[in-house]
Each structure stands twice: as C-alpha cells, then as structure tokens.
Amino acid sequence: MKIAVPRERRDHERRVAATPYTAGKLADLGARVVVERGGGLRSNFADRSYRDAGAEIADTEAETLSGADVVLKVQGPMTGDEGDTDELGMIREGAVLVGLLAPFDRRSTVDAYAERGIGAFAMELIPRIARAQSMDALSSQSNLAGYRAVLDAAAEFHRALPMMMTAAGTVAPARVFVLGAGVAGLQAIATARRLGAIVSATDVRPAVKEQVESLGASFVTVEDEESASAETEGGYAREMSEDYKRKQAALVRAHLARQDIAVTAALVPGRRAPVLIDEDMARGMKPGSVIVDLAVEAGGNCALSRPGEIVEASGVKIVGFHNMPSRVAEDASALYARNLLNFLSPLIDAEARRLNIDWDDEIVAGTALTRDGAVVHPLFANGGG
C-alpha cells in the first residue's frame, strides 16, 4: 500500500500532511510512504528526517502521486482551473484522499472527486464524539490559531500587555476582548491571560461561560431564551436571529470601546462568518487599538478586515492574516499529521497491508464525501452543500 504526501501548493500554506514521526508510524503499519522532495521544509522537516523514519523521497509531485492508494493532504488538491498544476488529475481512480477539503467552500470539487472515482474524506467533518477527539483537526489547528492571534495582536500593539510597576511609574495592563469562545477563542483567552492582560470574552452560547471564567476572563453576553438554544448538537454556534444580533451588537459596542485588543473567532460551519464588529464599532475603539480577525477568510467578523492585510482606520489596526495555523507551521503540521495518523490507522489492516474501511463506522460515515463514483455525504449528496 502506497501512501503519498505531496508538497502543499496553495498560497499561504506552509504545513505538511505527514511528519517524520507519523511517516514512520505509517511505515510500521506496512505502508510504503512516499514524500515529495522538500514537502516538509516549510515546516522545518528535512527530507533526510523522513528517510531516517522509513519514508521514500520522490523528486516530483507526479512521481509522488503515481499509483498511490492513499493521498494525505493539508488542503485539497488543486484542479486545472485553479493553477498550472492539476493535482487532482494526478490522483488515480480508486485512491483514497484525506485532508481539509473545504467542501462547503469548494462544493464543485466534491463532484470532481466523485467523477474521478476518488474516495474523499474531509477532516473538518470529523464528528465531535469522544472516540474521535484525537482526530479532530479543526480543534488542533484552531488551538494554534488562537495562540498566534494574540501574539500577532501584541506585535502590532505599541504598548505592553501586563501591568508593570516601576520606579518611574506604573504601566496599566492591556484589555483584551475575545469574540467567540470556541477552541480558538479559548486559547486566545488563555494566551492573553498568560501575557498579563485583563481579558473578557463573549459568545452566543451560554454553556461556554464556565470555560471562559475558568481561564480567568469575564463573560459578556446577552442572556435570553434564544441564547439558551444557541449551540448545535456538534458544539458549534447556531445562526442567531436579527433581533438577538441587534441586542448583542449594542452590548459589544459599549464594551469594545473600552478595550485595547479584540480577537474575533466566530465561525458558523457552512455559512459566511457573522459580522460582530461593524465599521463604526471598529472606528470607535481607542487609537492604537488592534483587532485580529481569525474569520477573515470566511468573510470576516470585522467589517473592515481584508484577507492578507493590516488595515488602519481611525488609528485602529485590523489584522487579517491568511491561514493563521500555518503561521505556526511546525507545530500545526505535527498536530495535524497526528490527526491524520489517528484517523487512518484504524482503516489499515496491518497484516494484509491494505485498507480495510468499515463504511458503517460513525467516523467514516461522518467524513466520507465520495465513494465509488458518487457523492455519499448527506450534506452534499443530490446537489446539497
């Protein structure tokens, strides 16, 4: 069984889908692991480290993918319509593709996987059950994104974050406001607290209040009947009514005006990110304040954020960096590669050295987009998604 790990070619992507550690573990399961030359360099993993772990190094992507039974990716393969390289066209019929395939954002590629006869598994669809926690790529990557967001905010903020008492006077602590207390938001809270800031957070889900407060932050939200049902069974936030959004916006506006740094991390799966900070709110912050928008690539939680840019408005910086986990590429790759290893290992028959997929398994059924030339995931079958 050949497992291929090509170099990632999409813009702003520095991660890799296998590390020397996970490549070695896959080799121990009887797989022939082939990594494209230089595939791990942007995450600080040298080719020789893969060789030492038992993997092979291929000179080109075509050689890497040729005859592969399993293809491991961070982001989905590029098609001929997206660039000079048609990665999807290099994957053989019948192969299994596993990665963060962004099926909601790239719906047409789901059909393309089916047409190519590829069995595609989307890691962002891993069900949130206890057995799948070690495979939860969204959580592992969001955790690092929240951490990096605070570091980027601190780098753009021209004051210190902790309180400092000196002979020349006292430096007041910075105030950090986190909007969205999912995995990324909770890590942003923890990081800002470690740096000595006074931290507050908001979320439409009242159930996260205890988590926020356990990290030493105060919880700011509108609590009413609608907020009581603001969380889906999968643990994500629901889309709220316009009336609730107006009440929440008024509360956020008043609180935001007193903050130094805001980190926005609110996402609704399959939907455009909700705007939590409108233009007036952003301009109403104190000059020198910083907003980091972690949802900028999904439309943005701040109306003024722009993907890949730092926008300045009325003295306030709005940071919208691309692909925040990739800004911590080595650790992000290590965690993601383990997510893939933990997902793939139960699907491998080590004695027969081949895949043995139980299509009725809850995790397999929850992540499988395509099988045997058809779109099989209920969210995307029959033109859905």
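The present account deals with the structure reproduced in this document. The residue count restarts for each chain, going from 1 along the sequence in the order it is written. Restriction of local features to residues with pLDDT of at least 70 applies here, the model being predicted, together with a cutoff of 80 or more for giving and counting side-chain atom pairs; totals for whole chains, interfaces and linings are based on all residues. The side-chain numbers reported here are obtained from all heavy atoms of the structure, hydrogens and water having been left aside.

Focus on the pairing of strand 4 (residues 70-75)
For step 1, the next point in the chain: Burial analysis of strand 4 places six of its six residues in the buried class, which makes it a mostly covered element.
For step 2, the next point in the chain: Two strands are counted as paired when DSSP detects at least two bridges linking them. What counts as a helix is a DSSP run of H or I of at least four residues, what counts as a strand is a run of E of at least two, and both are numbered from the N terminus. With two bridges joining them, strand 1 (residues 2-5) and strand 4 adopt parallel strand pairing. Residue pairing in the sheet places Ile3 in a bridge with Val70 of strand 4.
For step 3, the next point in the chain: Sheet analysis places strand 4 next to strand 5 (residues 96-100), joined by four bridges and oriented parallel. Within strand 5, the position partnered with Val71 by the bridge is Leu97. Burial classes follow relative accessibility: with a 1.4 Å probe on protein chains only, a residue under 20% of its type's maximum area counts as buried, one over 50% as exposed, and anything between as partly exposed.

Some points on the pattern of salt bridges
For step 1, the next point in the chain: In the sections that follow, a salt bridge refers to a side-chain nitrogen of Lys or Arg positioned within 4 Å of a carboxyl oxygen of Asp or Glu. All told, the structure shown has 24 salt bridges when counted by the stated rule.
For step 2, the next point in the chain: Put simply, Arg246 and Asp243 hold a salt bridge, and the shortest N to O gap is 3.8 Å. Of this pair, Arg246 and Asp243 are both found in helix 9 (residues 242-256), three residues apart, which corresponds to roughly one turn of the helix.
For step 3, the next point in the chain: Among the ionic pairs, Arg253 bridges to Asp278, the shortest N-O distance being 3.2 Å. One end of the pair, Arg253, is in helix 9; the other, Asp278, is in the loop between strand 12 (261-264) and helix 10 (279-283), with 25 residues separating them in the sequence.
For step 4, the next point in the chain: Its relative accessible area of 37% is what places Arg253 among the partly exposed residues.
For step 5, the next point in the chain: Linked through salt bridges whose partners overlap, the residues forming this network are Glu8, Lys73 and Glu87.

Section: the packing of aromatic side chains
For step 1, the next point in the chain: In this analysis, rings of Phe, Tyr and Trp, with Trp reduced to its six-membered ring, are considered paired at centre separations within 6.5 Å, and the interplanar angle assigns stacked below 30 degrees, edge-to-face beyond 60, and tilted for intermediate values. One pass over the structure, following the stated rule, counts three aromatic pairs.
For step 2, the next point in the chain: With a centroid separation of 5.6 Å and an interplanar angle of 20°, the aromatic rings of Phe121 and Trp359 are classed as stacked. In this pair, Phe121 sits in strand 6 (residues 119-122) while Trp359 sits in the loop between strand 17 (354-355) and helix 12 (362-367), placing the two residues 238 residues apart along the sequence.
For step 3, the next point in the chain: Through pairs of rings, three or more aromatic residues link up here, namely Phe121, Phe343 and Trp359.

What about the environment of Phe157?
For step 1, the next point in the chain: By the secondary structure assignment, Phe157 is in the loop between helix 6 (137-156) and strand 7 (164-166).
For step 2, the next point in the chain: With near-sequence residues (within four places) excluded, Phe157 lies in contact with Ala174, Asp260, Ile261, Gly288 and Val290. We call two residues contacting when some pair of their heavy atoms lies within 4.5 Å.

Things to note about helix 7 (residues 183-194)
For step 1, the next point in the chain: Taking 1.5 Å per residue as the helical rise, helix 7 with its twelve residues ought to reach 16 Å, and the 17 Å between its terminal C-alpha atoms agrees with that figure.
For step 2, the next point in the chain: Among the residues making up helix 7, those that are buried are Ala184, Gly185, Leu186, Gln187, Ala188, Ile189, Ala190, Thr191 and Ala192.
For step 3, the next point in the chain: Buried-residue contacts for helix 7 involve helix 6, strand 9 (175-179), strand 10 (198-202), helix 8 (209-214) and strand 12.
For step 4, the next point in the chain: Note on helix 7: the residue one or two positions beyond its end, Gly196, has a positive phi of about 95°. For a helix, the expected span equals 1.5 Å multiplied by the number of residues minus one.

Some details on the packing of helix 6 against helix 11 (residues 329-344)
For step 1, the next point in the chain: Throughout, an axis means a line fitted to C-alpha atoms (over the contacting stretch in the case of helices), and angles, computed between N-to-C directions, take values from 0 to 180 degrees. The geometry of helix 6 relative to helix 11 is characterised by a closest axis approach of 9 Å and an angle of 170° between their N-to-C directions. With respect to helix 11, the axis of helix 6 lies roughly antiparallel. Here Ala137, Ser140, Gln141 and Leu144 of helix 6 come into contact with helix 11, specifically with Asp331, Ala332, Leu335, Tyr336 and Asn339.
For step 2, the next point in the chain: Charged residues are taken to be Asp, Glu, Lys and Arg, nonpolar residues to be Ala, Val, Leu, Ile, Met, Phe, Trp, Tyr, Cys and Pro, and polar residues to be all remaining types, Gly included. Considering only residue class, the contact of helix 6 with helix 11 consists of five nonpolar, three polar and one charged. An angle counts as roughly parallel when it lies under 35 degrees, as roughly antiparallel when it exceeds 145, as roughly perpendicular when it falls between 65 and 115, and as oblique in every other case.

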